[in-house]
Amino acid sequence: MTVHHLSRAEARRIAVTAQLLDAARPEALLDVVTHLTMLQLDPTAAVAPSADLVAWTRLGDRYAPAHLAQALDRDRTLFEYRATVRPMTDLRLYLAQMERAPAHAAARTWLEANAAFRLDLLARLRDHGPLLSRDLPDTSAVAWPSSGWTNNRNVTQMLEVLAARGEVAVAGREGRQRLWDLAERVFPAGVVPVPYDDAVRERDARRLRALGVARAATTAQPVERADVGEAGEPAVVEASAGEWRVDPGALDRPFAGRTALLSPFDRLVHDRQRARELFDFDYTLEMYKPTDQRRWGYFALPVLHDDRLVGKVDAAADRKTGRFVVHAVHEDVPFTPAMADDVDAELEALAGWLGLELQR
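What you see is a predicted model, and the numbers here were worked out from it, not measured in a lab. (Residues numbered from 1 in each chain as written. Predicted model: local features only at pLDDT ≥ 70, side-chain atom pairs only at ≥ 80, totals over all residues. Heavy atoms only, no water.)

Q: Can you lay out the overall build of the protein for me, pointing to particular residues and giving the numbers?
A: Each helix and strand in the protein was counted, giving eleven helices and 15 strands. Sequence-distant contacts, at least 24 apart, represent 62% of the contacts inside the protein between residues at least 6 apart. Side chains of the protein carry 46 positive and 53 negative charges; the gap between the two charge centres is 3 Å. (Helix = DSSP H or I, 4+ residues; strand = E, 2+ residues; numbered from the N terminus. Contact = heavy atoms within 4.5 Å. Lys, Arg positive; Asp, Glu negative; His and termini not counted. Charge placed at Lys NZ, Arg CZ, Asp CG, Glu CD.)

Dropping the structure here:
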């Protein structure tokens, strides 16, 4: 098989276009999620929930958070699975994985010890669902052990395990709280599972189309893998050691860029090593650091300009005062007047979408 030789600029443009961040904006939310394969859910809303911010960055003012709620809760064109939103048409690629869950021996042992608890919870959802986790009693025989916040949170943990197994699913939300129901009442009937190994290969191929260029294998990433196995075709990238994989359909396309403000969880920057190798972009989400140890801010937004990541914006939505406050714009490279104007325009657009007044 031919090994493709890519300049860093070519690799960057492939990555940007694959993530729907070039000038050709998509039309609708379902188009975005289907192509990207997923939106990551995260409760942090310093600016906006990450899934909403990622969707807005692609769609602009054509997107409203109500569109995501409708697709999940009423239209059922999307479904929630393990802290992600995915197209319902991809459910077939996860059913075989659900049959193997839970993957970890400790979780399997805990589930076996709480067989009666599992049946009780399923029965209550069958009779009274959808329900919030707080509406379900803890009838566990063995507590969930953890050194973190999940310790002894037995109802929540059982729901997570059963969701991973495809026995329950998120049917909607009350505010930020999930409503749980039997999966058979949320998922469409008659979906035929793709055999596990075939599903993994298809998911790798779809992930590569969403990333454009990626490593065959790399370090583990939270929530979603960043590598793509043997999908696509081999490539080498200028000034970067080792083999990459490239989506052959992404080669030799014309490129027109734009400026965008990205969520820290955006897949263009989520793999920090890839961001360094392709974009020379150094980034750490600093919300977990003490204030005096932050370089860029609590929830700094990476700045994309054409095919380069050029800075970070330290900003926050102050909904009590109705302001979108920009604390600082950190320039990784000196902004030209045109770049500065484009960033200002994006900040104005984001503030308008949030319904807040921009304060610089």
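Don't stop here, the text continues.
Q: Just give me the short version of empty space enclosed by the protein, but keep the residues and values in it.
A: In total, this model carries four cavities of 30 Å³ or more according to the counting rule given. Lining the largest cavity, in full, are Gln19, Leu36, Met38, Leu39, Gln40, Ser50, Ala51, Val54, Arg58, Phe265, Asp266 and Arg267. For the lining of the largest cavity, the secondary structure elements donating two or more residues are β2 (39-40) and α3 (50-59). By residue number, the principal contributor to the lining of the largest cavity is α3, which donates four residues. Here the residues of the lining of the largest cavity sort into six nonpolar, three polar and three charged. (1 Å grid on protein atoms, 1.4 Å probe; cavity = no way out; pocket = protein on both sides within 12 Å on 5 of 7 lines; lining within 4 Å. Points joined across faces, edges and corners; volume = space filled by probe spheres on them. Nonpolar A, V, L, I, M, F, W, Y, C, P; charged D, E, K, R; others polar.)

Q: Quick rundown of the sheet that holds strand β13 (residues 308-318)? Include the residues and the values.
A: Spatially, five strands are ordered β11-β12-β13-β14-β15 in an open sheet, and the strand pairing comes out mixed. Across the chains shown, the open sheet's two edge strands, defined by having one partner strand only, are β11 (259-261) and β15 (357-359). Each adjacent strand pair in this sheet contributes to an overall mean axis angle of 30°, direction not counted. Bridge count for strand β14 (residues 323-331) against β15 is three bridges, and the pairing is parallel. (Pairing = 2+ DSSP bridges. Axes fitted to C-alpha atoms, helices over the stretch in contact; angles between N-to-C directions.)

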